[in-house]
Amino acid sequence: MFKLSNKFFKAQSWLNSTSSQNGLLSEELEASLQESLALEFPEEASAKNYPFKPQNFLVPGWNGEGLFSKPGFVVKRAHKQLLIDAKSQFKEIINRNITQHKIIYNEFAIYLDVKGIENYPLNSPTKFSQYIANSNQYDEVVDEFIDLYCFRTVTVYLYKARFLLVLAKRMDISFDKIDLHNPNSILSRIFKTGSSSELKCESFKIHQFSWYRPSHFVSESISEIKSCLSLISTTEMIKLSTYDLSKLEYSHSYSHKSFGLFVNKLLVHFPKWLKNSKDSRTNGFHGLLSAKSTEKLSALTTKFSGNNLSSLSLSHWMAQENNVIQNWDEVICPEFIGDEFYQGKFTQICQEIQFLTFLVDLATYQGHDLLGLICKVMNERHNKSLSNEVGQMSIFSGEDIKTSHQSYDRVVLNLTELPKKNPHHFLMGQVSNELKNLNKDGYLFVFSNQKFFVPSHSDKVEQFLKDVKLEALFNLDQLGGRGEIASFLYVFKKRVQFSKPAFITPIASSEKEACLSFRWSGNLEIFNKFELMVDEFQGFMDSKQAHSTPVYQAEPLENLSFDFHQDAILDGLLLSSTSKDSSNITHPSFFKNLTKSCVPFDSFFQIESFNHDAHGQKKSRLTSDLLGISLRHEERFPLLLIVNYTNQKNITLELTSSDVYQAKLEEYGMAYFQYFGLIPKRNEINLNVFREYFNTQLGKQIIQLFLNGGDTKVKAKLRSLLIPKFFLENNQIPSHIIDAFKVFNMNSQEILNSHPTELSQEFSKSSELLDSIEKKYPWHTLGMLSHYKLSLSSSLEKLDHTPTEIFKNPVIIEQLVNSSSQSVYPKNSDIFVRMPLRNPSDIHLPLTNVEIGLEGDNHYVELLSGDQVIIQLYTSNNLVHFIKFILSNALEMKISTILQNLKVPSATDIDDILSNHSSLKDALEEVKSKCSKRILSILTTNINS
């Protein structure tokens with residue numbers, strides 16, 4: 001394909017310009033052609049001298065693939081002559097024997113079924129063969145079938161002849177010794193049955209397309225083929241093998257070399273990367289410089305199924321030919337299996353011979369023994385096809401024994417065409433069918449426009465994933481210019497099933513499972529740029545490990561983005577699915593900014609795991625004894641980080657001091673908690689800032705993203721946990737400005753003593769001032785807000801427990817002053833006075849302490865002098881706290897004086913006053929909510945900036 005730009009050029013410039021042609025100079029020739037074409041160009045265009053450059057008018061990266069070469073035109077012309085010759089032999093062939101006309105009739109029956117022709121009179125092999133033998137002219141249906149059938153037969157012959165010529169050229173066999181009238185004869189002598197060079201493949205056996213032998217009438221065409229067939233490209237062969245190009249299910253995107261390279265990397269390198277095995281790729285030219293053992297190459301049996309198989313086959317072979325000079329340890333053995341008529345036996349035979357031809361090139365470029373490589377790979381491919389799904393092969397397996405179904409190492413399923421009714425059910429059904437053809441260690445790659453994770457089908461998905469594991473998900477939905485390529489790619493693998501003892505009853509629980517998530521977004525101005533994404537994908541696999549890389553982001557071009565993150569599946573749903581909400585960390589724009597504006601957690605702390613196993617303790621104790629010291633975890637690490645896995649949907653982090661380690665260990669245990677010691681790497685680290693960050697919505701999303709996938713390799717995940725980069729800064733707000741933010745330095749007691757209205761006003765006033773400084777001093781601002789929020793939380797907690805400090809609040813004091821009061825002694829209906837005196841004169845002792853107690857359900861307050869209890873006042877809980885609050889200011893007074901003069905409100909009034917303190921609580925909760933939003937705003941703003 002080529003594409004013209006808007007630049008001015010003269011069409012005759014394409015012609016071959018020589019110094020003279022028929023007596024005319026090039027300028028004269030151009031003028032003559034221009035005159036004969038009678039073309040008129042705009043005056044302003046004609047006035048300018050535009051140099052002609054063909055590259056300005058072609059699609060960048062296009063090398064002319066798809067155009068027939070000179071040898072290609074020769075073969076195409078010969079193909080037409082061979083087709084006429086095959087049709088002339090058809091009548092003789094069909095009546096050669098009963099088996100032959102049954103085979104041909106089966107092809108005819110498939111043809112009728114595809115065309116939708118019912119009740120056709122030739123409904124048996126006998127009727128069909130008699131009609132062919134007795135008729136001089138056939139009806140339209142039979143005539144079209146014969147034309148198509150002979151076309152395919154000749155095409156199979158050409159594939160086989162091409163393989164023979166390429167093989168002979170590499171084996172230095174002269175073409176003069178090659179008789180293309182019967183290629184099978186020569187091939188059977190090269191690959192002798194029963195010898196070490198025996199070749200096991202279906203295309204060399206007798207089948208419905210193997211009968212054609214060119215007659216002497218086409219000897220001239222055979223001679224032309226002999227000199228040209230080995231020179232034509234795979235693209236030309238695929239075009240030659242297409243009966244009607246206008247009806248070809250063709251896709252420019254799926255047939256592009258860059259897409260073939262992508263699939264190639266998925267099939268070969270991606271499974272190795274998932275297993276964390278190092279790829280043994282070396283210099284791409286190493287294969288040209290040294291011979292390699294054929295034994296190192298293994299066959300990777302691969303099935304391609306679904307839509308656009310012709311396009312997939314083209315991109316596959318272009319990618320294979322592109323990579324042929326690289327060092328390989330596995331060779332993809334493809335089978336393209338689709339509709340019986342369009343991609344059935346004919347396609348399989350052509351593709352198998354094409355694969356044999358490719359093996360000749362592979363052996364040549366990589367220095368393998370030619371026949372040894374071909375036989376080893378094809379025989380290994382054949383043996384794998386006879387094995388069952390767990391890789392076992394019967395010792396009685398022979399060539400004629402057919403298995404129930406073939407087993408493959410890889411399966412590629414392309415489902416771009418989905419039914420309008422219940423497409424999700426169709427997708428799951430197709431995936432289930434293809435999984436049956438997968439061996440135990442195989443991978444299934446599914447391209448589809450249908451989302452697999454749909455909330456309404458979560459139960460079905462959860463049940464489905466009990467036997468199948470989703471290893472990875474590729475989201476290409478936001479990649480513009482990708483053409484017909486599906487929006488999603490799913491990578492499945494069979495689970496290893498373990499038998500469980502019958503006497504053990506499993507505990508029903510939801511398990512979260514890791515899933516790798518890739519997202520390619522942006523706009524491909526031309527599809528050739530897709531190769532940049534493929535190269536980025538390969539570079540990512542070369543430099544990163546699958547399960548220890550939480551996030552990754554790159555931009556191959558300005559308008560293209562490659563994103564990766566660890567996702568998780570729980571209850572049939574994807575936890576961190578792509579969201580249109582820009583505040584979600586998996587949103588493309590936010591994800592991009594996140595990776596650029598954050599640094600790993602180990603930039604702030606040295607992280608060590610607290611090891612509790614016996615071996616670890618013994619090793620640690622041995623090291624300490626040798627040094628002459630003995631240090632506990634609490635002494636080595638000043639800080640403790642606790643990872644809480646009790647809720648798989650909400651993994652949390654708790655940062656505290658290490659002196660509470662033993663208490664936390666006894667409280668939490670080790671089943672769902674992991675403990676890590678932290679040593680700060682910097683002097684100025686505000687722990688409140690980290691605690692607040694971990695508790696924000698943003699921090700929780702990042703924790704969930706980095707720590708999912710189970711409780712293994714947690715230390716590595718923690719080290720790479722993303723922390724905003726501005727946490728490294730320590731810019732302090734100047735002293736002359738900091739005085740305006742005194743409200744943020746208030747402790748919980750000061751907050752409780754404040755009037756709610758004044759507290760809200762002070763916060764609003766300070767918040768307005770923050771607008772002008774938080775961009776310049778984000779770290780200090782976040783520290784102040786974190787401290788203030790912690791004080792607010794402490795105040796709210798005290799309010800819930802009704803401590804004595806609450807009575808200092810102006811709102812409470814105002815209500816207490818306005819309420820009526822009565823003496824505690826001698827008579828008060830709400831208070832019972834008890835005097836456990838040893839000596840009546842002790843009533844005059846000074847008050848030294850006031851304590852609260854509980855006897856059964858009865859609350860009381862004790863007035864003590866020294867260690868002796870003088871008086872006990874039994875009353876309601878709230879009144880007990882109020883009395884204690886009052887008497888805390890009356891120490892050293894005579895208890896008798898206190899008893900005679902103390903007046904308190906009724907228990908009912910106290911209860912009513914305290915129950916109506918909601919104005920204070922509401923004010924504190926409102927200010928805390930605003931504080932949380934401000935903290936999140938600072939984090940989000942600094943990440944996006």
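### A few points about helix 27 (residues 756-770)
Stage number 1. Here helix 27 spans 21 Å end to end across 15 residues, near enough to the 21 Å set by a 1.5 Å rise per residue.
Stage number 2. Of all the residues in helix 27, the buried ones are Pro 756, Leu 759, Phe 763, Ser 766, Ser 767 and Leu 770. Down the axis of helix 27, the sector holding all buried residues measures 105 degrees, keeping them to one side. Exposed positions of helix 27 whose direction lies more than 90 degrees from the buried face are Glu 758, Gln 761, Lys 765 and Glu 768.

### Digging into the pattern of salt bridges
Stage number 1. In the structure shown here, the tally under the stated rule is 23 salt bridges.
Stage number 2. Between Lys 376 and Glu 380 there is a salt bridge whose closest N-O contact spans 3.1 Å. Of this pair, Lys 376 and Glu 380 both sit in helix 14 (residues 370-386), four residues apart, roughly one helical turn.
Stage number 3. By sharing partners, the salt bridges in this structure join Glu 202, Lys 205 and Lys 345 into a single network.

### Section: the environment of Ile 238
Stage number 1. Structurally, the position occupied by Ile 238 is in helix 9 (residues 234-240).
Stage number 2. Between the C-alpha atom of Ile 238 and that of Gln 351, which follows or precedes it by 113 residues, the distance is 9.4 Å.
Stage number 3. Excluding residues within four positions of it along the chain, Ile 238 makes contact with Tyr 159, Ser 313, Leu 314 and Trp 317.

### A few points about the packing of helix 12 (residues 309-322) against helix 13 (residues 345-366)
Stage number 1. Running from N to C, helix 12 and helix 13 point in directions that differ by 10 degrees, and their axes come no closer than 12 Å. In terms of axis orientation, helix 12 runs roughly parallel to helix 13. Only Gln 351, Gln 354, Phe 355 and Phe 358 of helix 13 make contact with helix 12, whose side of the interface consists of Ser 313, Trp 317, Gln 320 and Glu 321.
Stage number 2. Of the residues belonging to the contact of helix 12 with helix 13, the class tally is three nonpolar, four polar and one charged.

### As for the packing of aromatic side chains
Stage number 1. As enumerated under the stated definition, the model contains 79 aromatic pairs in all.
Stage number 2. Considering the side-chain rings of Phe 108 and Tyr 120, the 5.8 Å spacing of their centres and the 65 degrees angle between planes classify their relative orientation as edge-to-face. Taken together, the residues span a long stretch of sequence, with Phe 108 in helix 4 (residues 98-115) and Tyr 120 in the loop between helix 4 and helix 5 (125-134) at a distance of twelve residues.
Stage number 3. Look at Phe 108 and you get buried, because its relative accessible area is 0%.
Stage number 4. Given a relative accessible area of 14%, Tyr 120 falls into the buried group.

### Considerations on the pairing of strand 4 (residues 438-448)
Stage number 1. For strand 4, the buried fraction is high: nine of the eleven residues fall into the buried class.
Stage number 2. Looking at chain direction, strand 3 (residues 408-415) and strand 4 are connected through seven bridges and run parallel. Its bridge partner being in strand 4, Val 411 is matched across the sheet by Leu 444.
Stage number 3. As for the winding sense of the linkage, the β-α-β connection from strand 3 through helix 15 (residues 423-435) to strand 4 is right-handed.

### Considering helix 17 (residues 530-543)
Stage number 1. For helix 17, with 14 residues, the first-to-last C-alpha span of 20 Å sits near the 20 Å given by 1.5 Å per residue.
Stage number 2. Buried residues along helix 17 sit in contact with helix 10 (257-274), strand 5 (468-475), strand 6 (479-480), strand 8 (513-523), strand 9 (551-557) and strand 10 (560-570).

### Some words on the pairing of strand 7 (residues 488-494)
Stage number 1. Burial of strand 7 is extensive: seven of the seven residues sit out of reach of the surface.
Stage number 2. What you see with strand 7 is no split at all: Phe 488, Tyr 490, Phe 492 and Lys 494 on one side and Leu 489, Val 491 and Lys 493 on the other are buried throughout.
Stage number 3. Here six bridges tie strand 4 to strand 7, and the two strands are oriented antiparallel to one another. Residue pairing in the sheet places Ser 448 in a bridge with Phe 488 of strand 7.
Stage number 4. Bridge count for strand 5 against strand 7 is seven bridges, and the pairing is antiparallel. Directly across from Phe 474, in strand 7, lies its bridge partner Leu 489.

### Topic: the side chain of Ser 597
Stage number 1. Relative to the elements of secondary structure, Ser 597 occurs in the loop between helix 18 (588-596) and strand 12 (598-600).
Stage number 2. Overall, Ser 597 belongs to the buried group, its relative accessible area being 14%.
Stage number 3. For Ser 597, the side chain forms a polar contact with the main-chain oxygen of Ile 943, separated by 3.2 Å.
Stage number 4. Not counting residues up to four positions away in its chain, the partners in contact with Ser 597 are Pro 724, Lys 725, Asn 942 and Ile 943.

### Description of a negative patch on the surface
Stage number 1. Together, Asp 113, Glu 118, Asp 339 and Glu 340 make up a negatively charged patch on the protein surface.
Stage number 2. Looking at where Asp 339 falls in the secondary structure, it is placed in the loop between strand 2 (330-336) and helix 13.

### Concerning the confidence of the model for the protein chain
Interpretation of the predicted coordinates at a detailed level should be avoided for regions scoring low in pLDDT.
Stage number 1. Taken over all residues, the pLDDT of the protein chain has a mean of 81, while the share at 70 or more is 81%.
Stage number 2. Of the regions scoring below 50 in pLDDT, residues 44-48 engages in three contacts with residues more than four places distant in sequence or in other chains.
Stage number 3. This model gives residues 395-404 a pLDDT under 50, and the stretch forms ten contacts once residues within four places in sequence are excluded.

### Let's talk about the sheet that holds strand 16 (residues 673-680)
Stage number 1. Read from one edge of the open sheet, four strands run 13-16-14-15, paired in antiparallel fashion. Taken across any chain shown, the strands that pair with only one partner, and hence form the sheet edges, are strand 13 (605-609) and strand 15 (652-657). The sheet shows a mean angle of 30 degrees between the axes of neighbouring strands, taken without regard to direction.
Stage number 2. Taken together, the six bridges between strand 14 (residues 639-644) and strand 15 define a ladder with antiparallel strand orientation. Bridge pairing links Val 643 to Leu 653 in strand 15.
Stage number 3. Lying on the sheet, helix 21 (residues 661-668) is in contact with strand 14, strand 15 and strand 16; it crosses strand 16 at an angle near 165 degrees.

### Observations concerning the nonpolar core
Stage number 1. Grouped together as the largest cluster of nonpolar side chains are 134 residues, with contacts concentrated most on Phe 108, Phe 262, Phe 270 and Phe 518.
Stage number 2. Tallying contributions element by element places helix 6 (residues 140-170) first for this core, with 20 residues.
Stage number 3. In this structure, Phe 270 is in contact with Lys 265, Phe 445, Ala 472, Phe 474, Val 491, Phe 518, Phe 537 and Met 541, ignoring residues within four places of it in sequence.
Stage number 4. Among the nonpolar cores identified, the runner-up in size contains 65 residues, and Ile 607, Val 689, Ile 733 and Phe 763 belong to it.

### Focus: the sheet that holds strand 20 (residues 849-855)
Stage number 1. Taken in spatial order, the four strands of this open sheet run 19-22-21-20, and their pairing is antiparallel. Across the chains shown, the open sheet's two edge strands, defined by having one partner strand only, are strand 19 (832-834) and strand 20. On average, each strand axis in the sheet is inclined to that of its neighbour by 25 degrees, with strand direction left out of account.
Stage number 2. Along the sheet, helix 30 (residues 877-887) makes contact with strand 20, strand 21 (858-865) and strand 22 (868-875), crossing strand 21 at roughly 20 degrees.

The rules behind each value
The written sequence of each chain sets the order in which its residues are numbered from 1. Given that the model is predicted, a residue must reach a pLDDT of at least 70 before its local features are reported, and side-chain atom pairs must reach 80 or more before they are shown or counted; all residues, however, enter totals for whole chains, interfaces and linings. As a rule here, side-chain values come from all non-hydrogen atoms in the structure, and water together with hydrogens is ignored. The way it works is that DSSP assigns letters per residue, a run of H or I at least four long becomes a helix, a run of E at least two long becomes a strand, and they are numbered from the N terminus. In this analysis, the expected span of each helix is defined as 1.5 Å times one less than the number of residues it contains. Note on exposure labels: buried denotes an accessible area under 20% of the residue type's maximum, exposed denotes more than 50%, and partly exposed covers the range between, all computed with a 1.4 Å probe on protein chains only. This arc describes the spread of directions from the helix axis toward the C-beta atoms. Here, a salt bridge means any Lys or Arg side-chain nitrogen found within 4 Å of an Asp or Glu carboxyl oxygen. The contact criterion used is simple: two residues touch if any of their non-hydrogen atoms lie within 4.5 Å. Geometry is summarised by axes, namely lines fitted to C-alpha atoms with helices restricted to the contacting stretch, and by angles between N-to-C directions that run from 0 to 180 degrees. Relative orientations are named as follows: roughly parallel for angles under 35 degrees, roughly antiparallel for angles over 145 degrees, roughly perpendicular for angles from 65 to 115 degrees, and oblique for any other angle. Side-chain classes follow a simple rule in which Ala, Val, Leu, Ile, Met, Phe, Trp, Tyr, Cys and Pro form the nonpolar group, Asp, Glu, Lys and Arg form the charged group, and the remainder, Gly included, forms the polar group. The rule is short: rings of Phe, Tyr and Trp, with Trp giving its six-membered ring, pair when the centres are within 6.5 Å, and they are stacked under 30 degrees, edge-to-face over 60, tilted in between. If DSSP finds at least two bridges between two strands, the strands pair. The crossover handedness rule: strands pointing away from the viewer, path from first strand over the helix to second strand clockwise, crossover right-handed. Any N or O atom pair separated by 3.5 Å or less is treated as a polar contact, with the protein-specific requirement of one donor-capable and one acceptor-capable atom, and with residues adjacent in sequence counted only for side-chain atom pairs. The patches described consist of residues with a relative accessible area above 30% and no salt bridge, like charges being joined within 9 Å and nonpolar side chains (Val, Leu, Ile, Met, Phe, Trp, Tyr) within 5 Å. The Shrake-Rupley method, run with a 1.4 Å probe sphere, supplies the accessible areas, and residue values consider only the shown protein chains as cover. Charge assignment in this entry is limited to Lys and Arg as positive and Asp and Glu as negative, and neither His nor the chain termini are counted. Charged side chains are reduced to one point each, which is NZ for Lys, CZ for Arg, CG for Asp and CD for Glu. How sure the predictor is of each residue is captured by pLDDT, a score from 0 to 100. In this description, a nonpolar core means a group of buried Ala, Val, Leu, Ile, Met, Phe, Trp, Tyr and Cys residues linked to one another through side-chain atoms lying within 4.5 Å.

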